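# Topology and contacts: notes
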Amino acid sequence: RPAIYIEGKASREEVYAAIMGHLAKLRDAAAKAGLKPQGHPLAVFLSADDDGFTYRVMVPVETAPDPKLALPDAIKIGQTPVGKSMKFEYRGEYDDIDSTYEAITAYLDEKGVDAQDVFLEEYLNEPKSSDDPNLQVDIYVLMR
């Protein structure tokens, strides 16, 4: 699907706040540009290391924007990831999501699944903080 997005990098402790901050900027830019969001926002985790994550926060939009559309500098036009994937559900505090990723990784290793090193989080709701127990996230693992 067509989308607008921002790329960023954040520490493990700050990633949730950074993603939610970028999401607010994307929604504001979409509203000002007359773009209609379509579906749930996403975070695509492109890489991870000891310092944190490199990610892309995406807001899918109803129709592909004109490439000449004036958007703030950090905001780009693109497409949501496509391809075969496995879906895992997470419900709880974002602060506790690491254990779910450990379980997913163990499952993929155990089953010999050939997955890309990219994880995608689809936010079904947006709690106010990373320790809100009402967070609902679907995690997608893209296959090779």
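Now for a description of the structure that goes with this document. A quick note: this is a predicted structure, and the numbers were derived from the prediction, not measured.

Looking at the element boundaries, histidine 22 is found in helix H1 (residues 15-33). Of note is the side chain of histidine 22, whose polar atom sits 3.2 Å from the side chain of tyrosine 55. Ignoring anything within four residues of it in the chain, the contact list for histidine 22 reads Ile6, Gly8, Tyr55 and Val57.

Next up on the list: the packing of aromatic side chains. This structure, assessed with the given rule, holds four aromatic pairs. Taken together, a centroid distance of 4.9 Å and an interplanar angle of 40° make the contact between tyrosine 16 and tyrosine 94 tilted. Of this pair, tyrosine 16 sits in helix H1 while tyrosine 94 sits in the loop between strand S5 (85-91) and helix H2 (98-111), placing them 78 residues apart in sequence. Residue classification places tyrosine 94 among the buried positions, given a relative accessible area of 8%. Pairing tyrosine 101 with phenylalanine 119 gives two aromatic rings, centres 5.1 Å apart and planes at 90°, and the pair type is edge-to-face. Here tyrosine 101, found in helix H2, pairs with phenylalanine 119, found in strand S6 (residues 115-123); they are 18 residues apart in sequence, far enough to count as distant.

A few words on the pairing of S6. In terms of burial, S6 is largely enclosed, as seven of its nine residues are buried. Pairing geometry for strand S2 (residues 42-49) and S6, over four bridges, is antiparallel. Across the sheet, residue phenylalanine 45 finds its bridge partner in S6, namely phenylalanine 119. As paired strands, S6 and strand S7 (residues 136-143) are joined by six bridges and run antiparallel to one another. Pairing of alanine 115 across the sheet is with methionine 143, part of S7.

Let us look at the environment of phenylalanine 88. Inspection of the secondary structure assignment puts phenylalanine 88 in strand S5. Sequence-wise, phenylalanine 88 and leucine 23 are 65 residues apart; in three dimensions their C-alpha atoms are separated by 22 Å. Non-local contacts of phenylalanine 88, meaning those with residues more than four positions away in its chain, are made with Ile104, Tyr107, Val137, Asp138, Ile139 and Val141.

Rules and cut-offs
Residues numbered from 1 in each chain as written. Predicted model: local features only at pLDDT ≥ 70, side-chain atom pairs only at ≥ 80, totals over all residues. Heavy atoms only, no water. Helix = DSSP H or I, 4+ residues; strand = E, 2+ residues; numbered from the N terminus. Polar contact = N/O pair within 3.5 Å; in protein donor to acceptor, adjacent residues only side chain to side chain. Contact = heavy atoms within 4.5 Å. Phe/Tyr/Trp six-rings, centres within 6.5 Å; stacked < 30°, edge-to-face > 60°. Buried < 20%, exposed > 50% of the residue type's maximum accessible area, 1.4 Å probe, protein only. Pairing = 2+ DSSP bridges.

Read these as geometric descriptors, not functional statements.
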